[in-house]
Amino acid sequence: MVKAYLRYEPAAAFGVIASVDSNIAFDSSGKHLLAPALENVGVWHVRQGLCTKTLAPSASARGPSLAVTSIASSPSSLIASGYADGSIRIWDSEKGTCETTLNGHKGAVTTLRYNKLSSLLASGSKDNDVILWDVVGETGLFRLRGHRDQVTDLVFLDNGKKLVSSSKDKFLRVWDLETQHCMQIISGHHSEIWSVDTDPEERYVVTGSADPDLRFYMVKHDLVDGQSVSNTNGTDAVKNSDVSTQNKWEVLKHFGEIQRQNKDRVASVRFNNSGNLLACQVAGKTVEIFRVLDEVESKRKAKRRINRKKEKKSTKGSVDVAVNGDASHEAGEQGDKPVLTVSDIFKLLQTIRAGKKICSFSFCPVTPKNSLATIALSLNNNLLEIYSVDTSSTTKTNAIELQGHRSDIRSVTLSADNTLLMSTSHSAVKIWNPSTGSCLRTIDSGYGLCGLFVPGNKYAVVGTKAGTIEIIDVSSGTCVEVLEVHGGSVQSIVAVPDGTGFVTGSADHDVKFWEYQTIQKTGEDSKHLTVSHVRNLKLNDDVLVVAVSPDAKYIAAALLDCTVKVFFMDSLKFFLSLYGHKLPVLCMDISSDAELIVTGSADKNLKIWGLDFGDCHKSIFAHSDSVMAVRFVRNTHYMFSAGKDRLVKYWDADKFELLLTLEGHHAEIWCLSEEKEKRLEEMFEADLDNTFESRYAPKEDLPEEGAVAIAGKKTKETLTATDCIIEALDMAEAELKRIAEHEEDKSRGKVAVFQPNILMLGLSPYDYVLRALSSVHTNDLEQTLLALPFSDALKLLSYLKDWALIPDKVELVCRVATVLLQLHHNQLITTVAARPILTLLKDILHARVKECKDTLGFNLAAMDHLKQLMALKSDALFRDAKTKLLEIRLRHSQRVEARADVKEGRRKKKRQKKSDDVHVWS
């Protein structure tokens, strides 16, 4: 008879403000902050400090709980999140729904970056690859290979035509996305490059590594009328292009370095949206903020620098040396225009120092009125801080901290009616509503190691590392009394079955028994709870865990000497000694019928003992790290264990069998065999890349410089989709054969009603195959067709000529034809039967694509015409406001520069006149 078990699933995760595995990012409005929360993304309202939305994978799409490792926000409402398994999810932040899931990377996603139009998404991973994704088409375009270590950061250049990638292999690579090749490799860094970014106007690219300097590069844009254009702080430096002397592939040219204040490695560098600030976060507690000076300020600073050098040389040297120095500097100024250096443009403004290590930061895209910028920091103690950056100081304006602990949670305790949950950490006790996940009370306390609710749920008791017991009033959220009860840390608190008191175990070798009492202090009207010491059990080593049997007959104490001592509860006489663990026992529990006791140890084993004779029924290697907690399910011999390996496991203590491993699965369990089958499916999916064919196939060499490959990867979904297409092709072929036989019989005079195949859902063979092909996710199409045998690929090609006549299927037909031609090119050109199909497709597809292209061109022209009509009807010009604003700023800067030049000329004339007067008098 098959035995059925209950299946447990993760219901909620709360208390997480910002996990440490990913970066944070503002949304496009600047009102919300996106923070990683384990496998979810939390959307926090910055001013209110509340989590307004949680972007969580659906129950059907989520497998094992994999942490978010990267977040990117687009100028639109789209949000991209990368995960530890290499998958990427695209979210609609307004709806809070997942639009699509992209699979392509084989390692954790390390960086994500949108282009300015939000139409492309670039992703880098620990598998050393860069993948470019089409966000609109929801598919991968191509994979860029060439880095020899994980990709750390990405940035688009030249309106999304180029991409710069940084890696731990110490190289920068510039990729041309139109030709899909690496056009420049930049060396010079002495250690891993951790971050790269460019300003909004794409004048400079800055990189951060473990080197003590920030490196800057000037961006050379495409050729315009035979001239290469590169922007230098707003001034157009246009040089005549000489192909023989100028490298046309050089996009980034080294500009200079700036010495950093902190010696730790750089974790991230980012410009703000205005481009006037640059922030450099190190792998420590500081963020250095640099001011990007405008054109006038930069030139003024450069002139002052040159004048100081002149004055310094003139005071030191003779008159001849001074004249030579002036001449050389005048030559360096290039006609009264000083050559700008990095130090003339970038100036250290402020240094933000946080209380804990900074995980990541993000600039708010909206510039506030009363300050230069708003910056958010994510700290490694589950905390978000918001700072306002000004010219003279930085001020912390807000902190999101009450919804979580600042350090590891050492114990959790549920109330008897499951309405309250208490958690303890190094400095605070928090009371939660387990149904909603909201924090109800936060109480300052000592380092809490254990705790329990007093019957009635009005009070709670917490044992601390300092050897004290804290009595907490739950309703008011205050600590009413602190009692010094042990000479060492209180390691364990367990309630006695009758509810009149509790037992504590401590590192001072004592097990103490306590009873509840109510007292009324002088000068107070109300009574409050206190405890009184009743009995004491002295042992010969530190007590780590205490357990009391539900019938109050036995008490067990786990000692530091790796043994468990069992005593009679009433007389405290010795009963049993359980030994066999190689390391100390860290947790234990007694079943409801007092027949079994289970112990979990630092030796990674669970041991199940009989409490009647103390014999070990079974020793199980349960976890890959220390077993930290174990509990029996009430009135059963089923038990849960939790370890430092981040797993929770469900066991049958009678059959000594693992029933369930909790990794974030979402489904009901009905029997043991179903769970075994599910575990086998997960093993199969994890071993997809190690199949028999792949195992004995020639090993793939390291990718060539700038190699391009397919973006997707093989998954269980792609193999299932391939099977569905093959099944549909076979069924359609059989149906076409039946139709042909029916027509032949009909021509012979045999009249019979044709009965279509009911499995084809009333569709024709062509429509049925098209239905199976259209159901494949756009991102999985290439990998699905890659697993298709050549014979079935040839059948699929024969259907394309009919599908091409359907207007909304032209794009799908073209993609399928292109992929199949690329995959089976050699077989197709040598197969005589394929030539008529290819000839027919050549004419049909070209004509259909031209029709679609003409339709799109007509629509674009119509929209352009409507734009002109709107401009004629309105007094204001129909144009981009940002372009107009840039023109106004450019004219203003030109006027300011002209005025500065006039003033500088007047000052030179005055100095020259004074020097002439001095010569006359001498």
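Now for a description of the structure that goes with this document. These numbers come from a predicted model, not from an experiment.

## Structural notes on the overall build of the protein
Scanning the protein for helices and strands turns up 13 helices and 55 strands. Considering the protein as a whole, with its 922 residues, one finds that 47% of them fall into the buried category. If you take every contact in the protein between residues at least 6 apart in sequence, the share linking residues at least 24 apart comes to 49%. If you sum the accessible surface of the protein, you get close to 47700 Å²; carbon and sulfur atoms cover 53% of it.

## Considering helix α12 (residues 834–873)
Compared with an ideal rise of 1.5 Å per residue, which puts 40 residues at 58 Å, α12 spans 58 Å between its outermost C-alpha atoms and is within 8% of the ideal. Those residues of α12 that sit buried are A834, L841, L845 and R848. Residues of α12 that are buried sit in contact with α9 (790–803), α10 (810–823) and α11 (825–830).

## As for the packing of aromatic side chains
A complete count under the given rule lists 16 aromatic pairs for this structure. Aromatic side chains F502 and Y516 sit 5.7 Å apart centroid to centroid with 45° between the ring planes, which places their arrangement in the tilted category. One end of the pair, F502, is in strand β40 (residues 501–506); the other, Y516, is in strand β41 (residues 510–519), with 14 residues separating them in the sequence. Here F502 and Y516 have matching classes, each one buried.

## Describing the sheet that holds strand β36 (residues 459–464)
Read across the sheet, four strands follow the order β35-β36-β37-β38 without closing on themselves; strand pairing throughout is antiparallel. Sheet topology places β35 (448–453) and β38 (478–484) at the edges, where each strand pairs with a single neighbour. On average, each strand axis in the sheet is tilted by 20° relative to the strand beside it, whichever way the strands run. As judged from the five bridges shared by β35 and β36, these two strands associate in the antiparallel manner.

## Remarks on the sheet that holds strand β1 (residues 25–26)
One open sheet holds the four strands; their spatial order is β1-β2-β3-β4, and the pairing between them is antiparallel. At either end of the open sheet lies a strand with only one pairing partner, and these are β1 and β4 (50–55). Examined bridge by bridge, β1 and strand β2 (residues 32–37) share two bridges and lie antiparallel to one another. Across the sheet, residue F26 finds its bridge partner in β2, namely L33.

## Considering the side chain of K565
Its place among the elements puts K565 in strand β45 (residues 564–568). Despite being buried, K565 has no salt bridge partner; D561 is the closest side chain of opposite charge, sitting 5.1 Å away. Sequence-distant contacts of K565, defined by excluding residues within four places in its chain, comprise I555, A556, A557, L559, F574, L576 and S577.

## Looking at the pattern of salt bridges
If charged atoms from side chains of opposite charge come close, those side chains can pair. Considering all chains together, one arrives at 22 salt bridges under this definition. Across the pair E295 and K299 runs a salt bridge whose closest N-O atoms are separated by 3.5 Å. Of the two residues, E295 and K299 both sit in helix α1 (residues 295–316), four residues apart, roughly one turn of that helix. Using a relative accessible area of 14% as the deciding quantity, one classes K299 as buried.

## Concerning the pairing of strand β28 (residues 373–379)
When you tally the buried positions in β28, you get seven out of seven residues, the bulk of the element. Burial along β28 is two-sided: A373, I375, L377 and L379 facing one way and T374, A376 and S378 facing the other are all buried. Looking at chain direction, strand β27 (residues 358–363) and β28 are connected through five bridges and run antiparallel. Residue pairing across strands places S362 opposite A376, the latter belonging to β28. The pairing of β28 with strand β29 (residues 383–389) spans seven bridges and is classified as antiparallel. Across the sheet, the residue bridging to L377 is E385, located in β29. Counted along the chain from β28 to the antiparallel partner β29, the turn is three residues long, and its residue N382 has a positive phi close to 65°.

## Considerations on a nonpolar patch on the surface
A cluster of nonpolar side chains, contributed by L866, L869 and L872, occupies part of the molecular surface with about 310 Å² of accessible area. Its location among the elements puts L866 in helix α12.

## Quick look at the side chain of E288
With respect to the helices and strands, E288 occurs in strand β25 (residues 286–292). The buried charged residue E288 lacks any salt bridge partner; its closest oppositely charged side chain belongs to R260, at an N-O distance of 5.3 Å. Side-chain polar atoms of E288 contact the backbone nitrogen of N262, separated by 2.9 Å. In this structure E288 touches R260, Q261, N262, L278, A279, C280, L348, Q350 and T351, once residues within four positions along its chain are discounted.

## With respect to a positive patch on the surface
Residues R300, R304, R308 and K347 make up a contiguous surface patch of positive charge. Element by element, the count of residues in the positive patch is highest for α1, at three residues. Here K347 lies in strand β26 (residues 346–353).

## Looking at the environment of V292
By the secondary structure assignment, V292 is in strand β25. Linking V292 and D344, residues 52 residues apart in sequence, is a C-alpha distance of 9.1 Å. For V292, the contacting residues outside a window of four places in its chain are R203, F271, G275, N276, L277, L278, I345 and F346.

## A word on unusual backbone geometry
Phi is positive for E138, close to 55°, though the residue is something other than glycine. Residue classification places E138 among the partly exposed residues on the basis of a relative accessible area of 26%.

## Focus: the packing of α10 against α12
At their nearest, the axes of α10 and α12 sit 11 Å apart, and the two run at 140° to each other. Our classification of the angle between α10 and α12 gives oblique. α10 and α12 meet at a crossing whose hand is left-handed. Taking contact as the criterion, the partners of V810, V813, C814, A817 and L821 in α10 are, on α12, L838, L845, R848, V849 and C852. Split into classes, the residues belonging to the contact of α10 with α12 amount to nine nonpolar, no polar and one charged.

What counts, and at which threshold
- Residues numbered from 1 in each chain as written.
- Predicted model: local features only at pLDDT ≥ 70, side-chain atom pairs only at ≥ 80, totals over all residues.
- Heavy atoms only, no water.
- Helix = DSSP H or I, 4+ residues; strand = E, 2+ residues; numbered from the N terminus.
- Buried < 20%, exposed > 50% of the residue type's maximum accessible area, 1.4 Å probe, protein only.
- Contact = heavy atoms within 4.5 Å.
- Areas by Shrake-Rupley, 256 points an atom, 1.4 Å probe, with all protein chains shown as cover.
- Expected span 1.5 Å × (residues − 1).
- Phe/Tyr/Trp six-rings, centres within 6.5 Å; stacked < 30°, edge-to-face > 60°.
- Pairing = 2+ DSSP bridges.
- Axes fitted to C-alpha atoms, helices over the stretch in contact; angles between N-to-C directions.
- Lys, Arg positive; Asp, Glu negative; His and termini not counted.
- Salt bridge = Lys/Arg side-chain N within 4 Å of Asp/Glu carboxyl O.
- Patch = residues over 30% accessible without salt bridge, like charges linked within 9 Å, V, L, I, M, F, W, Y side chains within 5 Å.
- Polar contact = N/O pair within 3.5 Å; in protein donor to acceptor, adjacent residues only side chain to side chain.
- Charge placed at Lys NZ, Arg CZ, Asp CG, Glu CD.
- Parallel < 35°, antiparallel > 145°, perpendicular 65-115°, else oblique.
- Left-handed = near helix turned anticlockwise from the far one by under 90°.
- Nonpolar A, V, L, I, M, F, W, Y, C, P; charged D, E, K, R; others polar.

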